[in-house]
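Single-letter residue listing:
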Amino acid sequence: MQDTSKVPRQDTIPLRKDSTINKTDTFNVKISKDSLDAPVYYQASDSIVMEVKTKKVILYSKASVKQKDMELTADSIELDQNTHLVTAVFRRDTAGNMIGRPKMVQADSKMEADMIKYNFETQKGITRSTITTQGELIVQGEKIKKINETDYYAYRGQMTTCNLDTPHFAFRTKKMKLVNKKLAVSGPIHPEFEGVPVPIYLPFGFFPISQGRHSGLLPPQFAASEQFGLGLEGLGYYKVLNDNFDVAVRTNIYSYGGWNLYVSPTYRKRYRYNGLMNFSMQNTRILSNNAKQEFTSTRTFNINWSHTVDSRARPGTSFSANVNAGSTKYNQYVANNPTLNFQNQLSSSITYQKNWDNKYNLTLSANHSQNNVSTLINMSLPTAAFTVNTFYPFQPKELVGPPKWYHKLGIGLNTNFANQISVYERDFNVSKILDTMQWGAQHNIPIQVALPPLGPIQIAPGISFSEKWYSRKIMKGFNPVTNKVDTITAANGFYQSRDISFSLGLNTALFGKFEGFGKNSKFQAIRHVVRPTISLSYKPDLAAKDWYDAQIDSTGRRARFSYYEGSTYGPFSEGVFGGIGFGIDNNIEAKIRSKKDTANGGIKKIRLIDGFGFNSSYNLVADSFKLAPFSLYARSTLFEKINITAGAVLDPYQVDSNGYRTKEYMWAGGRGFKPGRITSGSIAISTTFQSKPKDEGKDKAQKEAEKESGLPPLTVEEQQAQLAYAQRNPAEFADFNIPWSVNLSFSYNFSRQFRPDYKGWETVSNASLNVNGDFNLTPRWKMGASSYYDFKQSQIQSLTLSLSREMHCWQMSINVTPVGLYRTFNITISPKSGLLRDLKINRTRFFYNGQ
């Protein structure tokens with residue numbers, strides 16, 4: 001039934017057609033014309049006096065007035081309701097000290113003055129002896145007039161970025177105009193230092209104080225070099241094309257006729273992608289070391305491109321690019337960059353990936369690498385990889401009863417294809433590229449079964465079938481005329497090779513603990529974990545047809561080679577393998593008493609050795625060399641400071657007088673027990689030591705300020721660019737909050753390998769030491785150094801010294817490179833503020849040491 005109480009009733013009195021109905025609003029309150037558009041909140045700590053006749057309110061002692069985003073504080077404030085005018089002043093105590101100087105904050109604008117008059121309705125005001133902050137710019141004026149929400153006029157003012165009451169430097173002018181967050185414009189202006197005017201007058205001043213990207217000229221810096229001549233470096237223009245695209249063009253010009261051109265476009269689309277490209281062209285013209293010619297001229301180029309896609313843009317699809325390619329001599333002619341001068345390896349990668357529900361994966365890529373010493377350029381394009389993740393064909397969708405062993409039978413697929421090109425820079429042309437081009441493919445089908453564990457032992461059987469495709473065969477033979485091994489390329493074609501292996505793996509973990517330490521010992525316990533692995537495997541010799549014997553010297557000595565040596569994916573190993581693989585991995589941890597960390601009862605767990613162990617195998621069906629070389633490794637972080645990584649290969653067999661392996665073990669023949677001989681090894685040690693910060697809250701405050709700046713975070717490319725600039729100019733980035741710091745890294749590696757002419761063996765080794773650090777000479781002076789020592793050459797390859805002077809709002813940096821491909825000297829005195837970054841005094845000289 002319908003509820004009739006909710007049905008509207010019709011009026012029973014009919015209306016005439018010409019009748020009208022007048023409605024009157026029941027709420028009609030007249031609002032005064034002089035009322036404010038928002039309430040005003042005020043308070044005072046001493047007293048508040050209200051004059052009813054004059055409609056004035058006077059606040060005494062620690063007065064505060066708030067309306068919307070404006071807040072005014074002072075010792076005393078007077079509010080006039082008739083004129084909407086507020087007047088704030090200070091007072092002096094009996095000692096003459098100022099108390100309650102008026103301060104006004106509105107949005108991001110801050111102002112401090114001796115007297116402030118402000119109109120709430122018109123938002124106009126006037127101040128005397130005022131200091132206001134506009135971004136990084138601090139403006140002091142005898143009188144400042146605010147005409148609207150954003151515009152100010154100042155009389156007899158000074159502009160600076162120094163936050164002291166008496167600034168170290170400033171620009172003085174008689175009149176100026178400020179537009180909040182945009183710019184400051186002045187009439188005739190001149191600088192002064194420590195209150196002393198500098199007789200350099202400009203007809204006007206223009207200071208952009210807005211944040212974000214803006215087009216404009218890029219000022220140069222002066223440089224001098226005996227080889228390059230006098231020069232202007234960094235002259236250019238920055239252009240913002242739109243919100244997503246901008247470009248910077250810079251150039252270096254030298255008096256001997258050389259020049260450099262740098263074009264750096266950047267692009268970005270929020271939540272989609274971002275990228276950075278840098279194209280560099282060098283037209284180098286330097287004084288020659290050859291007496292037959294006056295100048296040496298070279299033309300080189302380099303291109304860098306970095307592109308990343310936001311993972312949220314297209315889930316399951318990604319595209320990335322990291323390109324660094326160019327002339328092999330480009331890095332050699334880059335001045336003032338010792339790190340780049342010794343970078344001899346360049347590489348590039350462009351990759352597209354597609355994933356289908358985590359079942360199938362497709363990767364398409366193009367890769368490049370080049371050696372600037374040998375000038376060899378290797379390119380792999382295109383490269384494709386298709387993967388089918390392990391699936392279980394016999395596993396039912398709905399399991400009924402206990403699972404069967406064949407339910408865990410998994411099958412996968414890994415397919416790779418690559419087209420490879422290797423050519424020297426001098427031969428970089430179409431015919432050579434086509435001549436050296438070769439392609440290859442590799443397929444692998446792994447089959448595995450996940451069996452339930454037998455107590456603490458894990459069992460993992462598996463079968464792996466692989467097949468490789470090749471585009472050419474290569475044969476090597478000894479040439480008695482040249483007395484060396486020549487490489488002969490057989491006919492191109494389509495060749496196949498297959499391999500299959502069967503394996504059964506067993507692994508477990510053993511735990512041991514020692515707690516027999518005294519009560520006063522720092523150690524509470526030591527724990528040792530041992531993870532042994534044993535595998536049984538069999539591999540038939542399906543690749544026997546791919547190997548052959550070849551003479552390598554005039555004595556008739558022969559060696560085994562593969563037809564597919566040097567191919568894209570390499571050959572399969574020859575010979576039948578039926579044996580045991582074994583290995584042991586260890587790690588050692590300790591529990592110690594910590595005086596600093598009181599958590600967990602003051603007990604702290606540390607790692608003494610992260611890992612150490614070995615791996616090897618024994619071939620039961622081989623007629624000789626059954627025991628494979630041992631692979632040894634160790635890694636640790638000592639005292640949570642020193643990182644150590646080491647590895648070696650131990651060969652258990654003896655060698656003859658020419659260095660070739662024999663069938664005798666090292667411990668055979670009554671020579672005493674020797675486990676083997678080390679044929680290759682490496683060790684890397686790195687550590688960082690630094691003092692505690694003088695002010696631990698300073699770093700936190702700086703990070704919080706960066707978060708509150710509102711600026712987007714730096715991209716990876718921008719971080720790399722800033723890191724490269726910091727490496728070239730370490731003195732400009734001195735951290736006086738850290739009194740001292742030292743970074744050390746040492747690396748050594750060696751290997752026993754065939755000589756290039758196959759006439760015996762040789763040991764190739766490399767060792768280097770990197771040292772950099774800095775320390776405070778005084779609270780405002782810091783000295784630093786960075787060096788690279790090559791033990792093989794027994795000389796210092798590069799040495800850079802830096803000296804920094806902290807001058808509150810200014811900084812002085814001196815960078816000297818007395819040893820390196822370029823010997824450089826640079827001194828720069830500049831303000832710290834980014835607003836005045838280009839207002840600097842710079843002197844640069846460099847000398848080229850190359851041939």
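Residues numbered from 1 in each chain as written. Predicted model: local features only at pLDDT ≥ 70, side-chain atom pairs only at ≥ 80, totals over all residues. Heavy atoms only, no water.

S.K.: When you look at the overall build of the protein chain in this model, what are you seeing that I'm missing?
M.R.: Along its length, the protein chain carries four helices and 51 strands. Counting every position in the protein chain, which comprises 851 residues, the buried fraction comes to 33%. When the accessible surface of the protein chain is split by element, carbon and sulfur atoms take 57% of a total near 51800 Å². (Helix = DSSP H or I, 4+ residues; strand = E, 2+ residues; numbered from the N terminus. Buried < 20%, exposed > 50% of the residue type's maximum accessible area, 1.4 Å probe, protein only. Areas by Shrake-Rupley, 256 points an atom, 1.4 Å probe, with all protein chains shown as cover.)

S.K.: Explanation requested: the environment of Asn 324 in the structure shown.
M.R.: Topologically, Asn 324 is positioned in strand S26 (residues 317-326). Excluding its chain neighbours within four sequence positions, the residues that come into contact with Asn 324 are Asn 302, Ile 303, Asn 304, Gln 343, Leu 346, Ser 347, Ser 348 and His 368. Side chain to side chain, Asn 324 and Asn 302 meet in a polar contact 3.5 Å long. (Contact = heavy atoms within 4.5 Å. Polar contact = N/O pair within 3.5 Å; in protein donor to acceptor, adjacent residues only side chain to side chain.)

S.K.: What is the right way to read the packing of aromatic side chains from this model?
M.R.: Where two aromatic rings form a pair, the distance of their centres and the angle of their planes describe that pair. In total, this model carries 28 aromatic pairs according to the counting rule given. Summarising the aromatic geometry, the rings of Phe 169 and Phe 193 are spaced 6.4 Å apart at their centres and angled 25° between planes, so their arrangement reads as stacked. Placement of the pair is Phe 169 in strand S14 (residues 169-179) and Phe 193 in strand S16 (residues 189-193), with a sequence separation of 24 residues. Owing to a relative accessible area of 38%, Phe 193 belongs among the partly exposed residues under this scheme. Aromatic side chains Trp 439 and Phe 494 sit 6.0 Å apart centroid to centroid with 25° between the ring planes, which places their arrangement in the stacked category. On the criterion of sequence distance, the pair formed by Trp 439 in strand S31 (residues 438-449) and Phe 494 in strand S33 (residues 484-507) is long-range, its members being 55 residues apart. Classification of Trp 439 by relative accessible area gives partly exposed; the value is 28%. Judged by relative accessible area, Phe 494 falls into the partly exposed class, the value being 46%. Here a set of aromatic residues connected by ring pairs shows up, and it is made of Phe 169, Phe 171, Phe 193, Phe 207 and Trp 810. The ring centre of Tyr 424 lies 4.8 Å from the NZ or CZ of Arg 426, which sits over that ring. (Phe/Tyr/Trp six-rings, centres within 6.5 Å; stacked < 30°, edge-to-face > 60°. Lys NZ or Arg CZ within 6 Å of the ring centre and 35° of its normal.)

S.K.: Is there a simple way to explain the nonpolar core in this structure?
M.R.: One recurring pattern in soluble globular proteins is that nonpolar side chains are buried together. Of all hydrophobic cores here, the largest spans 35 residues; its most connected members are Leu 72, Ile 77, Leu 79, Met 159 and Phe 207. Elements represented by at least two residues in this core include exactly strand S3 (56-67), strand S4 (70-80), strand S5 (85-89), strand S10 (115-119), strand S12 (137-146), strand S13 (151-160) and S14. Among the elements that make up this core, the one with the highest residue count is S4 (five residues). Aside from chain neighbours lying at most four places away, what touches Ile 77 is Val 57, Ile 58, Leu 59, Ala 63, Ser 64, Val 65, Leu 72, Val 86, Thr 87 and Ala 88. Core analysis: the second largest hydrophobic core is formed by 12 residues, Val 485, Tyr 548, Phe 561 and Tyr 660 among them. (Core = buried A, V, L, I, M, F, W, Y, C linked by side-chain atoms within 4.5 Å.)

S.K.: I'm lost on the state of the cysteines in this one. Help?
M.R.: Joining two cysteines, a disulfide is a covalent bond between their sulfur atoms. Scanning the model with the defined rule gives zero disulfides in all. The structure places no disulfide on Cys 809, whose sulfur is separated from the nearest cysteine sulfur, that of Cys 162, by 3.6 Å. Take Cys 809: its relative accessible area is 6%, and that puts it in the buried class. (Disulfide = S-S within 2.5 Å.)

S.K.: Got a minute to help me understand the pattern of salt bridges in this structure?
M.R.: When the charged atoms of two side chains with opposite charge come close together, those side chains can pair. Evaluation of the coordinates by the stated rule reveals 24 salt bridges. Glu 574 is paired through a salt bridge with Arg 560; the nearest N and O atoms lie 2.5 Å apart. Here Glu 574 is found in the loop between strand S37 (558-562) and strand S38 (577-593), whereas its partner Arg 560 is found in strand S37, with 14 residues between them in sequence. On the basis of relative accessibility, which here comes to 31%, the residue Glu 574 falls in the partly exposed class. (Salt bridge = Lys/Arg side-chain N within 4 Å of Asp/Glu carboxyl O.)

S.K.: Before we go on, may I ask you to explain unusual backbone geometry in this structure?
M.R.: Leave glycine aside and you will find that most residues have negative phi; peptide bonds, for their part, are mostly trans. Of the consecutive residues Leu 381 and Pro 382, the connecting peptide bond is found in the cis state with omega at -5°. Following the sequence through the fold, Pro 382 ends up in strand S29 (residues 376-391). In this structure, Lys 62 is a non-glycine residue whose phi angle is positive, near 50°. Topologically, Lys 62 is positioned in strand S3.

S.K.: Please explain the side chain of Ser 567 as it appears in this structure.
M.R.: Structurally, Ser 567 can be placed in the loop between S37 and S38. Setting aside chain neighbours within four positions, we find Ser 567 in contact with Gln 420, Gln 438 and Tyr 470.

S.K.: Explanation requested: the pairing of strand S35 (residues 523-539) in the structure shown.
M.R.: Two faces belong to every sheet, and in a regular strand the side chains alternate between them. Bridge count between strand S34 (residues 510-514) and S35: five bridges; the pairing is antiparallel. Following the sheet pairing, Phe 511 is matched in S35 by Val 529. Where S35 and S38 come together, 16 bridges link them in antiparallel fashion. Bridge pairing links Val 530 to Asn 586 in S38. (Pairing = 2+ DSSP bridges.)

S.K.: Before we go on, may I ask you to explain the confidence of the model for the protein chain in this structure?
M.R.: Confidence along the protein chain averages 84 in pLDDT terms, with 89% of residues attaining 70 or more. Within the protein chain, the element-level pLDDT minimum falls on helix H4 (residues 716-728), averaging 56, and the maximum on strand S41 (residues 642-651), averaging 94. Note on residues 1-27: pLDDT under 50 across the span, and two contacts to partners over four residues away in sequence or across chains. For the stretch residues 708-712, pLDDT sits under 50, and the model shows two contacts to residues farther than four places along the chain or on other chains. (pLDDT = per-residue confidence, 0-100.)

S.K.: Explanation requested: the environment of Ser 45 in the structure shown.
M.R.: In this fold, Ser 45 is placed in the loop between strand S1 (41-43) and strand S2 (47-51). In this structure the C-alpha to C-alpha distance between Ser 45 and Leu 59, which are 14 residues apart in sequence, comes to 8.5 Å. Every residue in contact with Ser 45, bar those within four places of it in the chain, is listed here: Tyr 60, Ser 61 and Lys 62.

S.K.: What am I meant to see in the environment of His 407 here?
M.R.: Note on placement: His 407 falls in the loop between S29 and strand S30 (409-424). Spatially, the C-alpha atoms of His 407 and Phe 394 are 5.2 Å apart, while their sequence positions differ by 13 residues. When neighbours within four sequence positions are excluded, His 407 is seen to be in contact with Tyr 392, Phe 394, Gln 395, Pro 396 and Leu 399.

S.K.: What should I look at first to understand the pairing of strand S44 (residues 677-690) in this one?
M.R.: Sheet topology places S41 next to S44; 10 bridges connect them, and they run antiparallel. Across the sheet, the residue bridging to Ala 648 is Gly 681, located in S44. Bridge count for S44 against strand S45 (residues 740-754) is 11 bridges, and the pairing is antiparallel. The residue of S45 that forms the bridge with Ser 686 is Ser 745.

S.K.: Please clarify how the side chain of Glu 589 should be interpreted in this entry.
M.R.: In this structure, Glu 589 sits in strand S38. A distance of 3.4 Å separates polar atoms of two side chains, one belonging to Glu 589 and the other to Arg 607. When residues no more than four places from it in sequence are discounted, the contact partners of Glu 589 are Ala 525, Ile 526, Arg 527, Lys 605, Ile 606, Arg 607 and Leu 608.

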